[in-house]
Amino acid sequence: MIATGFIDNGAKVYISSRSKDTCDKVAKELSDKGPGKAVSIPANLQHLNEVKRLANEIKERDGKLHILINNAGASWGAPIASYPDEAFEKIMNLNVKRIFSFTQACLPLLEKAASPKDPARVINIGSIAGLETPFNETYAYSTSKAALLHLTKVMAGQLSNRQITFNNIAPGPYQSKITAKALKDHGETIKSEVPLDRIGAAEDIAGTAIYLSSKAGAFTNGATITVDGGLISRPINSNL
């Protein structure tokens, strides 16, 4: 959704995931649509050597990077008694540690693209699960998204003197691979909880990322923007 929004506005977008077939397919579809261009660079961001390789490939192709959107993530749901330790480790590694690692690796590229009037941008994709207790038992996912929110603030406070902004987007429910099962099983219930009575559309999330990347968003820094239709603002039913 985000990549499509940038392509529609003429940007060159590098897309990456662990699946080469998916990256290549999506890059071709987006480039054919235009007017921007999508470039596929597959990488498994669970692994530090792959993180460094991806950053190095961008360096070799362009030498700089104007916008970094950290959207890689995974989730795992299970009752507390059977929640696997390896699952918790995997989620925290990808959703927090590797976002730090990749941003760290890309800092020289971001600095080369940055200027006082037009800073480079880092946009982390969090979740409202990091702001409230979700209805399902996704212990590591919720914890990782809360950690990402604070990591974004720390980076903004420590690194923005390099003319780079750091912001966090916290989406609510959108139709995606990571939410497919929840929306299939509980779609109407989830929708009914959203004050705007719908799930998010592609334009909602893409528009927010584009705003943060535009001149209008050049002074927004260290922020978390919820794009959830008011879901976390809904009244709580209570008999108290």
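Residues numbered from 1 in each chain as written. Predicted model: local features only at pLDDT ≥ 70, side-chain atom pairs only at ≥ 80, totals over all residues. Heavy atoms only, no water.

Quick reminder of the rule: UniProt positions are given in the numbering used here, feature names are shortened, and annotations may be inferred rather than shown by experiment.
For the protein chain, an unreviewed UniProt entry supplies the name 1075_t:CDS:1 and the organism Funneliformis caledonium. Turning to the protein chain, the UniProt record has this under Sequence similarities (unreviewed entry): "Belongs to the short-chain dehydrogenases/reductases (SDR) family."

1. Here we look at the side chain of Thr208
Condition: A run of DSSP states H or I qualifies as a helix once it reaches four residues; a run of E qualifies as a strand once it reaches two. Both are numbered from the N-terminal end. The criterion used for residue contact is that any of the two residues' heavy atoms lie within 4.5 Å.
Here Thr208 is to be found in helix H7 (residues 202-213). Every residue in contact with Thr208, bar those within four places of it in the chain, is listed here: Ile169, Ile225 and Val227.

2. Details of the sheet that holds strand E5 (residues 164-171)
Within a sheet, adjacent strands bond to each other through the backbone by hydrogen bonds, running parallel or antiparallel. Worth spelling out the cut-off: A pair of strands is considered paired only if DSSP assigns at least 2 bridges between the two. Angular values range over 0 to 180 degrees, each being the angle between N-to-C directions of two axes fitted as lines to C-alpha atoms, with helices fitted over their stretch in contact.
Strands sit in the order E3-E4-E5-E6 across an open sheet of four strands; the sheet is parallel. Two strands lie at the open edges of the sheet, namely strand E3 (67-70) and strand E6 (224-227), each paired on one side alone. Neighbour-to-neighbour, the strand axes of the sheet open up by a mean angle of 20°, direction not taken into account. With four bridges joining them, E3 and strand E4 (residues 120-125) adopt parallel strand pairing. Within the sheet, the bridge partner assigned to Ile67 lies in E4 and is Arg121. Lying on the sheet, helix H4 (residues 85-113) is in contact with E3, E4 and E5; it crosses E3 at an angle near 175°. Against the sheet, helix H5 (residues 139-159) touches E4, E5 and E6, its axis set at about 165° to E5.

3. Some points on the packing of aromatic side chains
As a reminder, the rule being used: Here is the rule: rings of Phe, Tyr and Trp (six-membered ring for Trp) pair when centre to centre is within 6.5 Å. Planes less than 30 degrees apart are stacked, more than 60 are edge-to-face, and the remainder are tilted. Burial status follows relative accessibility: with a 1.4 Å probe on protein chains alone, a residue under 20% of its type maximum counts as buried, one over 50% as exposed, and anything between as partly exposed.
Applying the stated rule across the entire model yields two aromatic pairs. Taking 6.1 Å as the distance between ring centres and 70° as the angle between the ring planes, the aromatic pair formed by Tyr83 and Phe88 counts as edge-to-face. With 5.6 Å between their ring centres and 85° between their planes, Tyr83 and Tyr139 make a pair best called edge-to-face. Taken together, the residues Tyr83 in the loop between E3 and H4 and Tyr139 in helix H5 connect sequence positions 56 residues apart. A relative accessible area of 12% means that Tyr83 is categorised as buried. The exposure class of Tyr139 is partly exposed, given its relative accessible area of 30%. One aromatic cluster in this structure is built from Tyr83, Phe88 and Tyr139.

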